[in-house]
Each structure stands twice: as C-alpha cells, then as structure tokens.
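Secondary and tertiary structure notes
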Amino acid sequence: MTTAEKLPVSIPSADQAPDAPSNQPVYSYFQGQFVPLAEAKISIMTHGFAYGTGVFEGIRGYWSESDQQLYFFRLQEHYERLHQSSKILLMPMTLGVEELIALNIELARRSNIRQDCYVRPCTYKSSEVIGVRLHNLQHDTSIIIQAFGNYIDIDRALHVGVSSWRRVDDNAVPARAKITGAYINSAFAKTEAMQNGFDEAIMLTHEGHVSEGSAENFFMVRDGKLITPPVTDNLLEGVTRVTVIELAERVLGLDVVERSIDRTEMYSASEIFLTGTGAQIAPVGEVDHRQIGDGKIGPISRKLQLLYFDVVRGKVAQYKHWLTPTY
Ligand code: PMP
C-alpha cells in the first residue's frame with residue numbers, strides 16, 4: 001500500500017481545518033458545562049491570558065472508516081500529563097483523569113465528530129486580577145475539539161535547522177509541564193526556522209545537546225540503534241515518544257537508547273524523525289543543509305509511520321487498549 005493511501009492526506013492541514021458541518025454546532029467544555037464554542041469566552045483580564053499561566057494538552061482522535069468509529073489515542077496518558085503540568089503550576093485539579101476522559105468523549109459525541117480531530121484541554125489561572133504569581137488564584141478547565149488533518153507534511157523528508165533559540169531550561173520554564181506561556185520559546189524557534197527556509201527547528205539545550213523540535217520530540221538512527229534524548233534534556237515527555245519507543249522495541253525489535261545527543265551527531269545519523277501528537281511521525285531528510293541518509297524517508301522511519309497509523313486507527317489488536325472509542 002502506498003503512503004498516500006495509508007496516511008490521512010485528504011484532510012486539510014491544521015491552518016485550513018474547517019469547522020464541523022455548519023448544521024452541527026461544535027461544543028466546548030467551559031466553566032463546568034458544554035456550550036457552543038462561540039459562547040466559550042474569557043475576559044481580557046484573565047490571568048492565564050495576561051501571563052501565560054495555563055497548561056494544556058493536544059490529543060488526536062482518528063476516524064476509522066471500516067469500524068465507523070472515532071478512536072481517541074492514549075487519553076489516559078494525556079490527561080495524566082495534564083495533571084502533572086497542573087501540579088507544577090500549583091493548580092491541583094478537581095477533575096480526575098477518568099472524569100476528564102468522560103468529558104472528552106462526551107464532547108466529541110455532542111459535536112458529532114466523524115473525522116480525524118484534535119482535542120485541546122486547558123487548565124488555566126482564571127482569576128481576573130493583575131499580579132504575576134502562581135499562588136492565590138482560581139483556575140478552571142476547558143476543552144475544545146476541532147477537525148484536524150496533518151500538522152506538518154509527513155509524506156516527504158523535512159529540512160530542519162538548528163535554532164539560534166535555546167530550549168527553555170527546567171530551572172527557568174520547565175518543558176516537562178506543557179505550559180501555555182512556554183510556547184513562546186517554540187514560536188521563536190519555529191518562525192526563525194521557516195523564515196530561514198526550513199520546515200522545522202531543532203532546539204539545543206543550554207549545554208548544546210539536542211533537545212527537541214518546536215512541538216516534536218527527536219529520534220535518530222545510528223548504527224542500527226534508535227537514539228533519543230533523555231527526559232532530563234529539557235523536553236516535553238511526549239506521549240508519541242513513549243509510543244514510538246514501545247513500538248520500536250516490541251514490534252520492530254530495535255535497540256532504543258536514551259542519551260544526550262551532540263549537534264554534529266545528527267549530521268552522521270542514517271535516519272532522523274520527529275514525533276508528536278500533531279506531527280505524528282515526521283521524517284527528516286536534511287539538518288543544517290547536511291543530507292541525512294539518501295535525503296528521503298528512511299526505512300525505519302517508514303516502518304514506524306505505517307505501524308503508528310495502523311495502531312491509531314485500531315488495526316493492531318495488541319495496542320487497542322491505547323484507544324478509547326467514542327460511539
Ligand atoms: N515537544 C513539544 C514542545 C510539544 O509541544 C509536543 C506536542 N505536544 C511534543 C514534544 C510531543 O508530545 P506528544 O507526543 O505528547 O504530543
């Protein structure tokens with residue numbers, strides 16, 4: 001089967017993603033209720049808006065035509081990470097992981113989503129006050145859903161460049177928490193990369209080790225081993241990252257090594273790919289104008305892509321427990 005048949009290429013890209021059909025209101029979960037998205041509004045005084053004091057998740061739902069089913073991928077892990085991020089920002093969540101999963105599913109049902117989609121839960125400091133701090137503030141949780149295709153082109157090998165912007169350090173803005181305000185770091189890197197003619201940025205830590213892309217974790221193949229930076233190199237502990245580690249080890253029988261990676265090691269890699277809920281598995285063909293392998297999608301990257309898309313669409317029995325059906 002060709003990639004074009006296998007991958008969800010017919011769906012518009014993120015910036016073109018349409019709203020759900022106009023006769024069907026898209027709902028959001030907002031201030032404890034399901035309301036039409038157009039009614040979910042916060043004040044410009046909101047702390048999270050002014051200071052970036054929020055945490056969020058990005059979750060994908062995959063429509064299976066054969067099963068006539070919408071599967072959400074690894075909801076448990078995403079909502080556990082939301083809890084971890086909230087704790088770091090001193091926002092103990094009243095909604096438990098199971099309740100959040102139930103709200104996620106109910107939101108998709110009410111919006112009658114029957115295509116690939118993206119869910120963005122957010123817990124944010126909702127107090128309408130001036131004063132930069134984390135303590136003595138109210139917080140609230142919202143969830144939105146929208147139709148969603150590819151976030152980045154995954155049918156060709158991307159050209160990436162090392163960013164002049166360093167990854168935020170755990171002692172400054174912890175990347176382990178998915179903090180809304182921290183995404184200014186990613187935005188600087190992504191825009192610089194695109195304005196310089198690259199598709200995506202690779203950010204280094206302050207020590208000069210490879211950390212991650214603007215919204216993706218990093219993997220490379222060297223001497224047949226799959227190598228990825230450790231979680232102590234200022235990265236978001238990606239759900240796709242642990243998924244790929246599991247699939248590479250258990251299904252493809254590869255050795256996976258978590259260790260710090262130097263910049264020029266990337267130039268010597270036989271394959272590189274980036275992983276993320278949005279990016280899925282995005283192969284890289286050039287780093288800093290140095291060709292990786294033959295510059296095309298590498299064999300391990302391709303195998304992992306195909307396996308990943310089978311898993312997320314419910315075609316691999318062994319990993320069906322990662323999926324939550326909607327209907
Ligand atoms: N790093 C960053 C900075 C991200 O924004 C994302 C996307 N959430 C990732 C890595 C990948 O994480 P996940 O696989 O959980 O989507």
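Up top you'll find the structure we're talking about.
Attention here is on the structure that accompanies the text. (Residues numbered from 1 in each chain as written. Predicted model: local features only at pLDDT ≥ 70, side-chain atom pairs only at ≥ 80, totals over all residues. Heavy atoms only, no water.)

Quick word on the overall build of the protein chain
- What the protein chain contains, in helices and strands, is eight helices and 17 strands.
- Against the 2.2 N^0.38 benchmark of 20 Å for 327 residues, the protein chain shows a C-alpha radius of gyration of 20 Å, consistent with a compact globule.
- Dimensions along the principal axes, computed over C-alpha positions, put the protein chain at roughly 50 × 50 × 35 Å.
- Burial statistics for the protein chain: of 327 residues in total, 54% are counted as buried.
- Considering only intrachain contacts with a sequence separation of at least 6, the fraction spanning at least 24 residues in the protein chain is 71%.
- Summed over all atoms, the accessible surface of the protein chain reaches about 14500 Å², with 51% contributed by carbon and sulfur. (Helix = DSSP H or I, 4+ residues; strand = E, 2+ residues; numbered from the N terminus. Rg over C-alpha atoms; globule rule 2.2 N^0.38 Å. Buried < 20%, exposed > 50% of the residue type's maximum accessible area, 1.4 Å probe, protein only. Contact = heavy atoms within 4.5 Å. Areas by Shrake-Rupley, 256 points an atom, 1.4 Å probe, with all protein chains shown as cover.)

Describing the site of the ligand
- The immediate surroundings of the ligand are formed by 16 residues, with Y183, E212, V239, T240 and T277 found nearest.
- At 2.4 Å, a side-chain N or O of Y183 approaches an oxygen atom of the ligand.
- Separating an oxygen atom of the ligand from a side-chain N or O atom of T240 is a distance of 2.5 Å.
- Starting from 380 Å² of accessible surface for the ligand in isolation, the protein chains cover 97%.
- Contributions of two or more residues to the shell around the ligand are made by α6 (239–251) and β14 (271–276).
- When the residues that make up the shell around the ligand are grouped by side-chain class, the tally is four nonpolar, seven polar and five charged. (Near = heavy atom within 4 Å. Polar contact = N/O pair within 3.5 Å; in protein donor to acceptor, adjacent residues only side chain to side chain. Nonpolar A, V, L, I, M, F, W, Y, C, P; charged D, E, K, R; others polar.)

A short note on the nonpolar core
- The biggest cluster of nonpolar side chains holds 47 residues, and the ones touching the most others in it are F218, L226, M266, I272 and L304.
- Per-element accounting of this core gives the leading share, seven residues, to helix α8 (residues 299–312).
- Judged by nonpolar contacts, the second largest core, of 30 residues, contains L82, L89, I101 and A182. (Core = buried A, V, L, I, M, F, W, Y, C linked by side-chain atoms within 4.5 Å.)

Notes on the pattern of salt bridges
- Under the counting rule described, the total for this entry stands at 17 salt bridges.
- In this structure, E246 engages R250 in a salt bridge whose closest nitrogen and oxygen atoms are separated by 3.3 Å. Taken together, the residues span about one helical turn, with E246 and R250 both in helix α6 at a distance of four residues.
- One salt-bridge network, in which partners are shared between bridges, spans E106, R109 and R110. (Salt bridge = Lys/Arg side-chain N within 4 Å of Asp/Glu carboxyl O.)

Brief notes about the environment of I184
- If you trace the backbone, I184 turns up in helix α5 (residues 183–195).
- In sequence terms I184 and N136 are 48 residues apart; their C-alpha atoms lie 25 Å from each other.

Observations regarding unusual backbone geometry
- The backbone of R74 sits at a positive phi, close to 50°, despite the residue not being glycine.
- Backbone geometry at N136 places phi at a positive 55°, although glycine is not the residue there.
- With respect to the helices and strands, the residue N136 is situated in the loop between β6 (117–125) and β7 (139–147).
- Classification of N136 by relative accessible area gives exposed; the value is 67%.

Quick notes on the packing of α6 against α8
- Between α6 and α8, the least distance of the axes is 11 Å, while the angle of their chain directions is 110°. By the angle between their directions, the pair α6 and α8 is classed as roughly perpendicular. Here T240, T243, V244, L247, A248 and V251 of α6 come into contact with α8, specifically with L304, L307, Y308 and V311.
- Of the residues that constitute the contact of α6 with α8, the class distribution is eight nonpolar, two polar and no charged. (Axes fitted to C-alpha atoms, helices over the stretch in contact; angles between N-to-C directions. Parallel < 35°, antiparallel > 145°, perpendicular 65-115°, else oblique.)

Things to note about helix α4 (residues 97–110)
- With 14 residues, α4 should cover 20 Å at 1.5 Å per step; its first-to-last C-alpha distance of 20 Å lies within 8% of that length.
- All of the buried residues along α4 are V97, L100, I101, L103, N104, I105, L107 and A108.
- A positive phi of about 50° marks N112, the residue just after α4. (Expected span 1.5 Å × (residues − 1).)

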